[in-house]
Amino acid sequence: MATKQVYEVEVDRQKAAQAAGNYDLSDLPGGLGQPTAGARIGKQPKQDSIIEGKLKTLDAITKLTPGTALAIFGRPESRWAMAYWRRMGGEVTMEELLSYARQLIGMTPEGDLVVCLCGHAGQGDCIPLWAPREELGLTVQPNDLVLRFEGVVPSNV
């Protein structure tokens with residue numbers, strides 16, 4: 001039986017010149033609006049708020065385990081994803097929606113750390129490229145959503 005692996009992701013907070021405005025999970029299309037867990041980033045760590053799931057802290061949400069992924073969505077990324085979803089009549093894959101994330105990192109089911117360099121910007125097929133990494137970190141700003149998803153990182157990347 002394999003040992004469960006956990007990786008603590010460092011979260012680097014950047015100050016935003018201006019908050020991007022309020023938005024919520026309901027502003028994200030399809031499966032993006034249904035993460036396993038999610039948090040809204042505050043200006044200070046004590047202002048972070050859990051918006052989805054049973055995990056109680058940002059630290060708990062950002063711990064990677066095999067098969068999990070973390071996506072960062074700001075207001076612009078959520079608008080772009082929603083516009084694409086509408087343009088395609090709601091017939092889009094989770095990979096296509098995740099390609100709009102500002103950052104997308106994860107852990108393969110085998111326990112390898114990866115960063116996703118996928119993107120399509122509505123210009124054709126989404127071809128995700130999961131690149132192996134030795135260490136990972138997230139860069140967030142106030143009002144960003146940190147979303148945790150299970151089962152979106154493929155094996156053998």
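Nothing here was measured: the structure is a model prediction, and the numbers come from that model.

Considering unusual backbone geometry
Despite not being glycine, Asn-143 shows a phi value in the positive range, around 80°. Tracing the sequence through the fold places Asn-143 in the loop between strand 10 (137-140) and strand 11 (145-150). Exposure remark for Asn-143: the relative accessible area of 13% places this residue in the buried category.

Digging into the pattern of salt bridges
According to the stated counting rule, one finds 6 salt bridges in the structure shown. In this structure, the salt-bridge partner of Arg-102 is Glu-77, at a minimum N-O distance of 3.1 Å. In this pair, Arg-102 sits in the loop between helix 3 (94-98) and strand 7 (103-107) while Glu-77 sits in helix 2 (residues 75-87), placing the two residues 25 residues apart along the sequence. Glu-77 sits in the buried class, given a relative accessible area of 8%. The partner of Asp-144 in a salt bridge is Arg-102, and the shortest N-O contact between them spans 2.6 Å. Linking Asp-144 in the loop between strand 10 and strand 11 with Arg-102 in the loop between helix 3 and strand 7, this pair joins segments that are 42 residues apart in sequence. In this structure Asp-144 comes out as buried when scored by relative accessible area, which is 3%. The exposure class assigned to Arg-102 is partly exposed, which follows from its relative accessible area of 33%. Salt bridges linked by common partners bring Glu-77, Arg-102 and Asp-144 together as one network.

Thresholds, definitions, all that
Residues numbered from 1 in each chain as written. Predicted model: local features only at pLDDT ≥ 70, side-chain atom pairs only at ≥ 80, totals over all residues. Heavy atoms only, no water. Helix = DSSP H or I, 4+ residues; strand = E, 2+ residues; numbered from the N terminus. Buried < 20%, exposed > 50% of the residue type's maximum accessible area, 1.4 Å probe, protein only. Salt bridge = Lys/Arg side-chain N within 4 Å of Asp/Glu carboxyl O.

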